[in-house]
Amino acid sequence: MRIPATSRAFVVDGTGKGAIQEIPIPKTGPDDVLIRMEGIYGCAGGDTIVYSGKHPHSLGKYPLILGHEGVGVVAAIGAEAARRRGLKAGDRVAVEVMIPCDTNGPEACEQCRAGEYQLCEKNQQHGVSMPLSLEHGLWGMYSDFLMVHPRAITHRFPENVDMANAVATAFLANAVRWTEVKGKVQKGEVVAIFGPGPQGVGGAAVATYRGAVPVLIGLSTDQARFDIAVGIGVVKADHIIRADKEDVVERIKSLTNGKGCHLAIECSGADPAVGPWLKVLRKRGRGVICGYHGGREITVPIDQIATKELNIQGAWGQAGGWQLAIEMLGRQVFDFAPMITNRYRIDQLNEVVPTLKDPSRITMKALFVPLPL
Ligand SMILES: [Zn+2]
Ligand SMILES: [Zn+2]
């Protein structure tokens, strides 16, 4: 691949605007990987707050290149990086957003030393907290090219996984973490999933793949999302619950001989979902919460936890989720291409980022492609 002298990248300054800038591409050193970006999902949670300057990890790091949910192809790779990562030029890869700090070295934080890099104290993240002023600055994914940080984690896709499916790891690796790593989903279990967005659809996919029965819960306004989930085949049409029209707890009871479900996942971030999330669980049920409720303090039916001896577990990030996500994509269990409901180029980001959180504009996921070379 011919590598140009500069990469056109979408640079933000934290004031709610950005611009395409030409950033010089450095020579690829022995431990470097240069990725030609192919497709980047808009991240409703992350991109919008980095763009507007409200992400705590971005403070003091502007200007920076935005974008962290992308896949691309190895354009150039140094010998040491190729050996260490098992990659070669032409491989389609995903790059994890979270960059572990010094892992086992003297500078490693307590979390990374314990292998829990999703909670790293140093908060280094591609496209979130890596400034243009740090080395070459090519750390964000809304760009022709991304330079992979030497400590960042890369994942190679099997050749049969196309870009439209590869990019689905952005939510599927999360979903594996909520549903399997933390939720310990088992064959035959009923899994209630609150929130029919990408995270919920991903959770339903993992549950179905593991032989469990997902029930997807949202509102009647989520109909387009329900249709996509049913169309992909991750959930049955009669296992959809519209919480504004039906009693969620009663419906789950009717599906589980009155006992309640084994596993309930709250990934909606909607405050009214939290009470039912606890109430649908059976005795000794497992509740996983990964939905972010915007720092609000809310009232919950707390006695549910003690009286049913519930196991409540928080979940964050994608650690431990990539292997199974890529296995599912390689086996082509589901075709996730219909998750892409809106397509743009990276020079349209200024108009689109403010709408990423609005399901009436972005039905499921927005995909951005770089400018043609
Ligand atoms: Zn994200
Ligand atoms: Zn760390």
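Residues numbered from 1 in each chain as written. Chains lettered and ligands numbered in written order. Predicted model: local features only at pLDDT ≥ 70, side-chain atom pairs only at ≥ 80, totals over all residues.

(A) Representation of the overall build of the chain within the structure. From N to C terminus, the chain includes 12 helices and 18 strands. The C-alpha atoms of the chain give 21 Å as radius of gyration, which agrees with the globular expectation for 373 residues (21 Å, within 12%). Taking the principal axes of the C-alpha coordinates as reference, the chain spans close to 65 × 45 × 40 Å. Looking at the chain as a whole, 50% of its 373 residues qualify as buried. Restricting to contacts in the chain with at least 6 residues of sequence separation, those with at least 24 account for 71%. (Helix = DSSP H or I, 4+ residues; strand = E, 2+ residues; numbered from the N terminus. Rg over C-alpha atoms; globule rule 2.2 N^0.38 Å. Buried ≥ 20, exposed ≤ 12 C-beta atoms within 10 Å, placed from the backbone. Contact = placed C-beta atoms within 7 Å.)

(B) Representation of the sheet that holds strand β1 (residues 6–12) in the model. Reading across from one edge, β2-β1-β4 is the order of the 3 strands in this open sheet, with antiparallel pairing throughout. The open sheet terminates on both sides in strands that have one partner only, identified here as β2 (18–24) and β4 (64–65). Where β1 meets β2, 7 bridges bridge the pair, whose relative direction is antiparallel. Paired with F10 across the two strands is I20, which belongs to β2. (Pairing = 2+ DSSP bridges.)

(C) Structural detail: helix α7 (residues 223–232). Buried within α7 we find R225, F226, I228 and A229. Taken around the axis of α7, the buried residues stretch over an arc of 160°, which confines them to a single face. Structurally, α7 contributes buried residues whose contacts are with α6 (198–209), β12 (213–218) and β13 (240–242). Positive backbone phi, approximately 100°, marks G233, located one or two places after α7. (Arc of directions from axis to C-beta.)

(D) Spatial organisation of the nonpolar core. One finds I35, I65, Y142, V191, A192 and I193 to be the most contacted residues of the largest nonpolar core, which totals 114 residues. Sort the elements by how many residues they give to this core and helix α5 (residues 169–182) lands first, with 7 residues. The residues that make up this core include at least three from each of domain 1 (6–168 + 336–369) and domain 2 (171–314). In contact with V191, other than residues within four places in its own chain, are V185, A207, A212, V213, P214, V215, C261, H262, L263 and I265. (Core = buried A, V, L, I, M, F, W, Y, C linked by C-beta atoms within 7 Å. Domains from an automatic or database assignment.)

(E) Region of interest: the domain arrangement of the chain. Taken domain by domain, the chain holds domain 1 (6–168 + 336–369) and domain 2 (171–314). The interface of domain 1 with domain 2 comprises 8 residues on the first partner and 10 residues on the second. Per-class residue counts for the side of domain 1 that touches domain 2 are 5 nonpolar, 2 polar and 1 charged. (Nonpolar A, V, L, I, M, F, W, Y, C, P; charged D, E, K, R; others polar.)

(F) Geometry of the environment of V352. Along the chain, V352 falls in helix α12 (residues 349–352). Distance in space between the C-alpha atoms of V352 and A366 is 8.8 Å, their sequence separation being 14 residues.

(G) Just the environment of A212, in detail. Among the structural elements, A212 can be located in the loop between α6 and β12. For the pair A212 and V185, spaced 27 residues apart in sequence, the C-alpha separation works out to 7.2 Å. With residues near it in sequence (within four places) discarded, A212 still touches V185, Q186, K187, G188, E189, V191 and A207.

(H) Inspection of the packing of α5 against α6 at higher detail. Where α5 contacts α6, the two axes come as close as 8 Å, and the packing angle between them is 60°. By the angle class used here, α5 and α6 are oblique. Our pair here, α5 against α6, has a crossing hand that is right-handed. Residues F171, L172, N174, A175, V176, W178, T179 and E180 of α5 lie in contact with α6, whose contacting residues are P198, Q199, G202, G203, A205, V206 and A207. Across the contact of α5 with α6, the residue classes tally to 9 nonpolar, 5 polar and 1 charged. (Axes fitted to C-alpha atoms, helices over the stretch in contact; angles between N-to-C directions. Parallel < 35°, antiparallel > 145°, perpendicular 65-115°, else oblique. Left-handed = near helix turned anticlockwise from the far one by under 90°.)

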